[in-house]
Structure formats: C-alpha cells, structure tokens
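Structural overview
Letter by letter, the chains look like this.
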Amino acid sequence: MTAPAISFEFFPPQNLEASFRLWDTVQTLAPLGPRFVSVTYGAGGTTRDLTRDAVATLHGSSGLNVAAHLTCVNATRAETLKIAEDFAAAGVSEIVALRGDPPKGSAGFEPHPEGFANSVELIEALAATGKFKIRVGAYPDKHPEAANARADIDWLKRKIDAGASEALTQFFFEPETFLRFRDACAKAGIDAPIIPGILPIENWKGTRNFARRCGTEIPAWLEDAFAKAERDDRCDLLATALCTELCSELIDEGVDSLHFYTLNRPELTRDVCHALGITPRITLENVA
C-alpha cells in the first residue's frame, strides 16, 4: 500500500492551556510531513482574531505550510478581505473558504447586510486577488440545509467554478459514503481533487452528537461497536483500528490524500498515520 499525502486541521487556542496543547499537537504531527495544516474559524466568526494569530504564529515558527480558514459570517466584505490581506502580508497563501456556521442560538445563517451572501461570492473575491490557493468544503452526506444530495454536488461545482482548486469533505464513517460522492462529483463534471476528511474518534459520545448536528449518517454497527468497547475499556483501540481500516479502504480505491480533523489531540491521528506507513521524517539536524 502506497502511503498517502496527509494534512491536518487544528483549531485556535482560547487560553494558555489550549495554547500549549496546540503546540504539543503541532510538535507531534509535524514530523509526519503534512502537505499543509489548516486552522479553523469558530461558529459565527467568534475566533476570528485567534485564528489570525494562530495562523501567523504557526506560519512563522513551525515551518509548515499553513492554510487559514475564512468565513462570511458577521463581517462586511471589506472586513473579510482585510483579513485575507493580513494573511497574505504574513506570507500565508492558502485559504479554506467557507460560508461558516451561524452564531450559536441563531435560527440560521443570515448574511451581513454589507457582507458576502455565500461561499461562492467569497471564493470569487479571493480568486480575483490572485494571491491564494483556495480550498472549500464538501459534503458526502447531505448538508443539513441542503434540499437533497444533488444540491450539495451542484453547489460544490459552483465553488470550484468560482476559483477553488480543491475540496475537503466533512467526515464520514464508511468508505462507501465518500466513494459514492466522489463518483457523483465526477459525473457532474467536477475534476478538482476531493480530499476525504477523516475524524479519528477520540470520544464516541461527543463524535456522535457532532455527527448528528452535521448530518453525518451514523451506522448502527458503529453504535454497537462502541457500546461493547466502552464496556471492555477498549475505545481507543477500536477507534484506531476503525480509522485505519477506513483510510486503508479509501487508499485501495485510489485515494491518494487524507485530511485529518485532529481536534488538537494528536495521539490517535499519529497512531493511524503510523499504521498507514507514514513515519516521521528525520533530518540530519535531528540526528546530529
């Protein structure tokens, strides 16, 4: 099995303890040689400044290729593009462009009166600057706000046509979910790379709740497997085995790149990568 290219998603720290956790996560996963790492935006744009600071710090100190998340929520067009310009000035040339989640407690996404109405408008504006490689989100399971699965594919095509060069999917639990989506995208004329998003299950209860909010289908066999693993205190072992198997089956079907949602907890991601044959890259400085 050929080892895939990998990338990692982090979220910005909101206190000192979380800052140390993020740095430990970076130190653990950076030796695996990711092609890029991304830093998220909080719901409603709540971590806008934290994301900007984390991106600048990682870009300047880690040696990693850092991609910044950027959303349309609670900001004017000018404010959003100013953030993008700040990223460019800091040497960051890759952006994950998203509509963004509405603030907690709100009824749904409402565009700012002077802001971008959706992710397509944001992508078009970023592409017009000529300064960024743009990635976007994709949904193998139907997005909660989409009319149907076809609408998700049509919207992805609009985002690619607007200037995005690659898509990162929401996480899923079975390889067939991604493979069916990949085939449907190809049939719709989408030829940009679609990278599967992989979520190692650190905590089954939390992951299950997150999946329900995202519209990710939860197979009955997975519920049963974790119920038994919890009784035997083998959840980490099960999570590592299931994630490794998922990735292996995707690789067998021609997937050559994986994007891991780390939740700033690197151990399971590291263990899965090792199981896939992705090992630390040791430089002469490391062994001198």
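Residues numbered from 1 in each chain as written. Predicted model: local features only at pLDDT ≥ 70, side-chain atom pairs only at ≥ 80, totals over all residues. Heavy atoms only, no water.

So, about the pairing of strand β3 (residues 66–71). Within β3, 6 of the 6 residues are buried, which leaves the element mostly enclosed by the surrounding structure. Both faces of β3 are covered, namely the face carrying V66, A68 and L70 and the face carrying A67, H69 and T71. Note that strand β2 (residues 36–39) and β3 share 3 bridges and pair parallel. Within the sheet, the bridge partner assigned to V39 lies in β3 and is A68. (Buried < 20%, exposed > 50% of the residue type's maximum accessible area, 1.4 Å probe, protein only. Helix = DSSP H or I, 4+ residues; strand = E, 2+ residues; numbered from the N terminus. Pairing = 2+ DSSP bridges.)

By the alternation rule, side chains of β2 split into F36 and S38 and V37 and V39, which are all buried. Pairing geometry for strand β1 (residues 5–10) and β2, over 4 bridges, is parallel. Counted as the bridge partner of S7 is F36 from β2. Crossover β1 to β2 through helix α1 (residues 16–29) is right-handed. (Right-handed = clockwise from strand over helix to strand, strands pointing away.)

A few words now on the environment of E145. Residue placement: E145 occurs in the loop between β5 (133–138) and α5 (149–162). Sequence separation between E145 and A275 is 130 residues; the distance between their C-alpha atoms is 36 Å.

Geometry only, nothing functional implied.
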